[in-house]
Every structure is written in structure tokens, then in C-alpha cells.
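Breakdown of the fold
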Amino acid sequence: MTQTPQTPRTQLRIGPHTVQPPVVLAPMAGITNAPFRTLCREFADGVGWGDGGRPPGDGGGGRGLFVSEMITTRALVERDAKTMRLIHFDGTEKPRSIQLYGVDPVTVGKAVRMIVDEDLADHIDLNFGCPVPKVTRKGGGSALPYKRHLLRSILREAVTAAGPLPVTMKMRKGIDDDHITYLDAGRIAVEEGVTAIALHGRTAAQHYGGTADWDAIARLKEAVPEIPVLGNGDIWSAADAVRMMRRTGCDGVVVGRGCLGRPWLFGDLAAAFEPGPEPPAPARPTLKEVAAVMRRHAELLAEWLEDEERGVIDFRKHVAWYTKGFSVGSEMRKRLAVTSSLAELDALLAELDLDQEWPPGADGPRGRTSGRNRVVLPDGWLDDPYDRAGVCAEAELDTSGG
């Protein structure tokens, strides 16, 4: 594909898989389940607006890579019922991408072999980016790469067990500014056969506060030229994604909080990476169009959970993200956030001023934005970066982040 000066390269290789546009949906607990991935994929394919006022094909085309919620390796090996539901993929999802979280090399290896033997996925991503205190205090998530030997052992077990399946990893810069690990972790990943690395340009101490360090993404790209590097952090629009790739030289982007309540962002991203003299204008849906997407999201959740009430209740967390910036009112938001049936949701959506145009306040950060000054770690964790002691099964909690 011929590129214009305005458009970064648009093809990303993850093992045998071509990812075009070079865009990845970040795993987010309770968010990136099969229904949400369906919405994002539909918009990437240009058909997400359906009857909402935009013709199919108006979203720019392209697919990207849409990763599952984070799956705890121990829960997968033990065939936990909730976990088995989370690893379900729609028949149209190709490649099927699972993110695993584990702290024990043996258990990680067993989980990966299970995925391979039972044909559960086509790509495996490993999470080393979770900054949640109840994980880091046990040595998991973004605390783990500090232990270089343990990180190497986990990656080696995963890559060996995966066979032909590509294994990638997602991580942060380090624990804090005094304990930066991403360059060492990147070289270890290359040496152990990891196919690609995603870097969130924040430390665990930053959590989701402050500004992502895109320069760190550029430095990692320089340090591991052998494999693709994906950038993550502060991508709220397609223009942000293009700007990150131009500035850092990274091979693709990972989008997390930027798509909360904005699954149509993947349509914008697909269009932005098409060759052309100027980037296309982003989607600016009316509240009527947004309401239609909200209704479809809730319906997809109800179908997936095989329970309308559970599906609508699960949808509640998305209400504030979808309605951000619109004149909805705090009382109506509260009413929308306690619905328990599709009929109730329909009735409340019908009460809204659906003719509202996209408001200026609808752009920008959503989701968690707070930071922390101190990372909770196991006693003595920082004493020796090569000591493997201190990580236990309690670090494998059903949580996510990165």
C-alpha cells in the first residue's frame, strides 16, 4: 500500500496475522467482553451505525485486533465457569485473541497449552501492566517485570507451550521513576521469542493519572527493533493514534479508555489509516445515534448472558461514558444507571432530547484518571531484581488494568 506523508504505515504483523489498521483494543475487565468487541468490530468494518442514520460502509473499513478481557491462568486451568464464558469468541472473530494474567511459570505454561490443545484462540497476550494495589502487593501485574528472572521464566514457558501461536506482552514503564524496567523487559521478551510488545507509557505509581510518556515508547522501539512495538496511553481520538505513531515510530497503537462509551472510535481509526491527503473528520453522532448504540450494546449483553436483567444491569456502567457531554442531567443519568430491562431502557432513552448534536464536552478523558504516589509491594520486593521469591497464587486475582 502506498503511503502518504500524512499517514503512518498501516500494516502490523503479529506472527502470522496481519492487523490492518494497526489498532488493538486493550483488554479491560468487565468491558471488552464479546458484546463490546462485536460493537467495536462493527464500527471498524463500517457497519456499526446500522439504522442509526449513517449508511453501512461509512466507517472506513478495516478490522484491527480485538482482545478478550484478561483471563487469569489459574482460573482457566481450573475451568472456572465464569472464565470459560469469558473466553468465548463469536464465530466471526478472527484472529481470536486472549490476554492471560499469571505469576507462576508452570501455571502459565499449562494455560497456554490448554489454549493450543483445545483451539481456544489464535493469539495470546500476557499482562504485565496491571497497577491495581491488590495485585502489586502480591508481586503481580506491573510489579512483576522488576523480577527479571521470573519474567524470563514466564515468557519462556508461554512461548514454548504456544508452539505456532504468537505470544505478545503488555507492560508499563516500571514500578515508579526510580524503578524503570521496560527496556530490560523488552530485551528479555525478544530473547525469549515474544512476537510483539505493547507499552503503556506510565509507571504503576502513575496509575492512570498524569500524561503518558510517548518518548518511552520511542525508546523501546529503538531498543527492540527486531519485533513490533505498540504504543498505549492517552489515545482519545484517531488523530492521537496517528500522532503517536509519527512521533514514536511505533508499529501500532493499543486503545483502552479512549473507546469507553465510544466504540465508533474504531471506525475513525480505520478511516484515519487509509491513504489520503488529509485525515477524515471524526464521527460526531447525535444523541439519537448514541442512544441507538446504547440500546444495541445492552441487547448484545442480554443475549450473551442469556438473561435480559443481568445484561441490562451489566450495561449500567457504560451509561455515563456514552452520555458524557450531552445535556442529559444528573437525575436522568441516575435513572438510566438503575435500569433492569430493555423496555425500561427504551422508555428512558425516549425521554431524552435525541436531536442534540455532538457537544464540545463529549471529547477527552473517560474512565479512571487518578494517580498514586506509592505502589504497594511485597516486603523486600525491591531488594533484589533477580530474586524469584515472593509471588504467590494470591496474586492471581480477577482484576485488570494496564
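For the structure, see preceding data.
Nothing here was measured: the structure is a model prediction, and the numbers come from that model.

So, about the nonpolar core. Within the largest apolar cluster, 107 residues are counted, with the highest numbers of intra-cluster contacts made by L100, L126, M169 and F266. In terms of residue count, helix 11 (residues 287-305) provides more of this core than any other element does, ten residues in total. Sequence-distant contacts of M169, that is, excluding residues within four places in its chain, are made with D125, L126, F128, L151, L155, A189, V194, A196, I197 and A198. The next biggest cluster of nonpolar side chains, apart from the first, holds eleven residues, and it includes I14, V24, A196 and A198.

Next up on the list: the packing of aromatic side chains. Inspection of the entire model under this criterion finds six aromatic pairs. Measuring from ring centre to ring centre gives 6.3 Å for F43 and W264, while their planes differ by 75 degrees; the resulting arrangement is edge-to-face. Taken together, the positions of F43 in helix 1 (residues 34-44) and W264 in the loop between strand 12 (252-255) and helix 10 (265-272) put the pair 221 residues apart, joining distant regions of the chain. Each member of the aromatic cluster is reached from another via a ring pair, and the members are F43, W264, F315, Y322, F326 and W358. Of note, R85 hangs over the ring of W304, and the distance from its end group to the ring centre comes to 5.9 Å.

Relative orientation of the contacting elements helix 7 (residues 182-191) and helix 8 (residues 214-223) amounts to 35 degrees, with a least axis distance of 10 Å. As helix 7 packs across helix 8, the resulting crossing turns out to be right-handed. Across from Y182, L183, G186 and R187 in helix 7, the residues of helix 8 making contact are A216, R219, L220 and A223. Its residues assigned to classes, the contact of helix 7 with helix 8 shows five nonpolar, one polar and two charged.

Turning our attention to helix 6 (residues 148-162). Since the α-helix advances by 3.6 residues per turn, residues separated by three or four positions end up pointing in the same direction. When the terminal C-alpha atoms of helix 6 are compared, their 21 Å separation across 15 residues agrees well with the 21 Å that a helix rising 1.5 Å per residue should span. Three or more residues of helix 6 are buried, namely R148, L150, L151, S153, I154, L155, A158, A161 and A162. Residues of helix 6 that are buried in the fold lie against helix 4 (105-117), strand 6 (123-128), strand 7 (167-172), strand 9 (179-180) and helix 7. G163, located one to two residues past helix 6, shows a positive phi value of around 60 degrees.

We now examine the pairing of strand 7. Within a regular beta strand, the side chains point alternately toward one face of the sheet and then the other, so they alternate between its two faces. Counting buried positions along strand 7 yields six of six residues, so the element is predominantly enclosed. Of the pairings in the sheet, the one linking strand 6 to strand 7 comprises five bridges and is parallel in character. Counted as the bridge partner of D125 is T168 from strand 7. The pairing of strand 7 with strand 10 (residues 196-200) spans five bridges and is parallel. Bridged to K170 within strand 10 is A198.

According to the stated counting rule, one finds 23 salt bridges in the structure shown. Of the charged contacts, one joins D119 and R96 as a salt bridge, the two residues approaching to 2.7 Å between their closest N and O atoms. Of this pair, D119 sits in the loop between helix 4 and strand 6 while R96 is found in the loop between helix 3 (81-86) and strand 5 (97-101), placing the two residues 23 residues apart along the sequence. Since its relative accessible area comes to 49%, D119 is described here as partly exposed. Measuring nitrogen to oxygen at the nearest pair gives 3.2 Å for the salt bridge that ties D314 to K317. D314 gets classed as partly exposed once you look at its relative accessible area, which sits at 22%. The class for K317 is partly exposed, based on a relative accessible area of 34%.

Reading guide: rules and limits
- Residues numbered from 1 in each chain as written.
- Predicted model: local features only at pLDDT ≥ 70, side-chain atom pairs only at ≥ 80, totals over all residues.
- Heavy atoms only, no water.
- Core = buried A, V, L, I, M, F, W, Y, C linked by side-chain atoms within 4.5 Å.
- Buried < 20%, exposed > 50% of the residue type's maximum accessible area, 1.4 Å probe, protein only.
- Helix = DSSP H or I, 4+ residues; strand = E, 2+ residues; numbered from the N terminus.
- Contact = heavy atoms within 4.5 Å.
- Phe/Tyr/Trp six-rings, centres within 6.5 Å; stacked < 30°, edge-to-face > 60°.
- Lys NZ or Arg CZ within 6 Å of the ring centre and 35° of its normal.
- Axes fitted to C-alpha atoms, helices over the stretch in contact; angles between N-to-C directions.
- Left-handed = near helix turned anticlockwise from the far one by under 90°.
- Nonpolar A, V, L, I, M, F, W, Y, C, P; charged D, E, K, R; others polar.
- Expected span 1.5 Å × (residues − 1).
- Pairing = 2+ DSSP bridges.
- Salt bridge = Lys/Arg side-chain N within 4 Å of Asp/Glu carboxyl O.

From the geometry alone we can't say anything about function, so treat these as descriptive.
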